[in-house]
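So the chains spell out like this:
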Amino acid sequence: MVKFMRKFLLVIFLLLPLALPAHVGNPDVYYDGYAGPYHLLVTLRPPLVVPGVAQIEIRSAANDVDEIKILPLRVIGPGAKMAPLPDTAQHSATDPQLYTGSLWIMVRGSWKVQIQV
């Protein structure tokens, strides 16, 4: 019986990684939180190569959002202190709570996205 249990546990141990898929290898960034009083669900798809264009989708839980502006910022260095003007995210014609936009990422390194609602 002990020999059978050891084989059974070994098989379970070897199959366990196949049964538990993870978020490994997916470069997308997700945010579920607030920008002021507005609850946002954000998906950011970074560019495959740099320089490149990152795609961002923002879904607002509220219906009363008029405009969303997005701004890519460097975390450290001179780009962190000298921010450009933000881009306006495009409002979806079919979904009143969905906004999309594109952000140019010109240099490799750590970045953050500032969202203004």
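About the criteria used
- Residues numbered from 1 in each chain as written.
- Predicted model: local features only at pLDDT ≥ 70, side-chain atom pairs only at ≥ 80, totals over all residues.
- Heavy atoms only, no water.
- Core = buried A, V, L, I, M, F, W, Y, C linked by side-chain atoms within 4.5 Å.
- Buried < 20%, exposed > 50% of the residue type's maximum accessible area, 1.4 Å probe, protein only.
- Helix = DSSP H or I, 4+ residues; strand = E, 2+ residues; numbered from the N terminus.
- Contact = heavy atoms within 4.5 Å.
- Patch = residues over 30% accessible without salt bridge, like charges linked within 9 Å, V, L, I, M, F, W, Y side chains within 5 Å.
- Areas by Shrake-Rupley, 256 points an atom, 1.4 Å probe, with all protein chains shown as cover.
- Salt bridge = Lys/Arg side-chain N within 4 Å of Asp/Glu carboxyl O.
- Pairing = 2+ DSSP bridges.

(A) Region of interest: the nonpolar core. Counting 14 residues, the largest nonpolar core has Ile 56, Ile 58, Ile 68, Ile 70 and Tyr 99 as the members making the most contacts within it. Contributions of two or more residues to this core are made by strand 2 (38–45), strand 3 (52–60) and strand 7 (98–105). Contact partners of Ile 58, with chain neighbours within four places excluded, come to Leu 40, Leu 41, Val 42, Ile 68, Ile 70, Gln 97, Leu 98, Tyr 99 and Ile 115.

(B) Expanded view of a nonpolar patch on the surface. Among the surface-exposed residues, Trp 104, Met 106 and Val 107 lie close enough to one another that they form a single nonpolar patch of about 340 Å² accessible area. Along the chain, Val 107 turns up in the loop between strand 7 and strand 8 (111–116).

(C) Structural view of the pairing of strand 1 (residues 29–35). Taken together, the seven bridges between strand 1 and strand 2 define a ladder with antiparallel strand orientation. Looking across to strand 2, one finds that Gly 33 is bridged to Leu 40.

Function-wise, these values are silent; they only describe arrangement.
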